[in-house]
Amino acid sequence: GYMAMDLYRSVVDELGPLVGSAVLHSWGEPLMHPQLFEMIRYGKRAGIRMETSTNITLLTEERARQVLDAELDVLYLAMDGATKETYERVRVNAKWEKSLRNIEGFLDLKRKMGSPTKVIIQIIAMNETRADVEAFLERWRRPEVDQVNVKHLDTWGDQVHSSWQVGPRF
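Residues numbered from 1 in each chain as written. Predicted model: local features only at pLDDT ≥ 70, side-chain atom pairs only at ≥ 80, totals over all residues. Heavy atoms only, no water.

Caption draft 1: Highlighting the overall build of the chain. Helix and strand counts for the chain come out as six helices and five strands. Seen in sequence order, the chain has helices and strands lined up from the N terminus as α-β-α-β-α-β-α-α-β-α-β. Scaling as 2.2 N^0.38, a compact globule of 170 residues should have a C-alpha radius of gyration of about 15 Å, and the chain matches this with 17 Å. Summarising its shape, the C-alpha atoms of the chain cover approximately 45 × 40 × 25 Å along the three principal directions. Across the chain, contacts joining residues at least 24 apart in sequence account for 69% of those joining residues at least 6 apart. (Helix = DSSP H or I, 4+ residues; strand = E, 2+ residues; numbered from the N terminus. Rg over C-alpha atoms; globule rule 2.2 N^0.38 Å. Contact = heavy atoms within 4.5 Å.)

Caption draft 2: Representation of the packing of aromatic side chains within the structure. Counted under the stated rule, the structure contains two aromatic pairs. A cation over a ring is seen here: Arg9 above Tyr42, with NZ or CZ 5.9 Å from the ring centre. (Phe/Tyr/Trp six-rings, centres within 6.5 Å; stacked < 30°, edge-to-face > 60°. Lys NZ or Arg CZ within 6 Å of the ring centre and 35° of its normal.)

Caption draft 3: The arrangement of the packing of helix α3 (residues 61–69) against helix α5 (residues 96–113) in detail. Two elements in contact, α3 and α5, have axes separated by 10 Å at closest approach and are oriented at 40 degrees. In terms of orientation, α3 lies oblique with respect to α5. α5 is crossed by α3, and the crossing has right-handed handedness. Within the contact between the two elements, α3 uses Glu61, Ala64, Arg65, Val67, Leu68 and Asp69 and α5 uses Phe106, Leu109, Lys110 and Met113. A per-class count over the contact of α3 with α5 returns six nonpolar, no polar and four charged. (Axes fitted to C-alpha atoms, helices over the stretch in contact; angles between N-to-C directions. Parallel < 35°, antiparallel > 145°, perpendicular 65-115°, else oblique. Left-handed = near helix turned anticlockwise from the far one by under 90°. Nonpolar A, V, L, I, M, F, W, Y, C, P; charged D, E, K, R; others polar.)

Caption draft 4: Focus on α3. Buried residues of α3: Ala64, Val67 and Leu68, and no others. All buried residues of α3 project into a common sector of 95 degrees when viewed along the axis, lining one side. Turning to α3, the residues buried within the fold contact α2 (36–45), β3 (74–78) and α5. Of the residues trailing α3, Glu71 is marked for its positive phi of about 65 degrees. (Buried < 20%, exposed > 50% of the residue type's maximum accessible area, 1.4 Å probe, protein only. Arc of directions from axis to C-beta.)

Caption draft 5: Broad picture of the confidence of the model for the chain. Across the chain, pLDDT averages 89, with 90% of residues at or above 70. Taken together, the stretch residues 162–170 has pLDDT below 50 and engages in 19 contacts with residues farther than four places along the chain or on a different chain. (pLDDT = per-residue confidence, 0-100.)

Pasting the structure below:
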């Protein structure tokens, strides 16, 4: 579910002076939260370095502008595949072409706005993506991308469905 804004403000007010950064995501799509941008701004006003992640499918031009206007410090773009086939197999119901347009649109808007938001594009290393890793790294290593990650799948102590088997570390 969504954290209520009153609870969020209370947590930031109490812990803000004690933390350096906050990550506004965990097992879900943060861009679905109706108050995400307000949360980012509130954390920033408290002096907290704010980060979040998106699976890119909802990163429309309007949301991209809101992310940048809120002065998010770090945005992780989870693009799990370097080919249409891999991406659409891993991100069920997502469309490769739309996600690419969303990324390119975000990067273009970031450049036009002169935003300091750090962009990290990442792929999760799992059996389904193993063959795509090198092509993924090659595709996204470019000046407007601050970092390209290969993230290892966290199964949370094997609590994640067994179909998400992790192969050898990359």
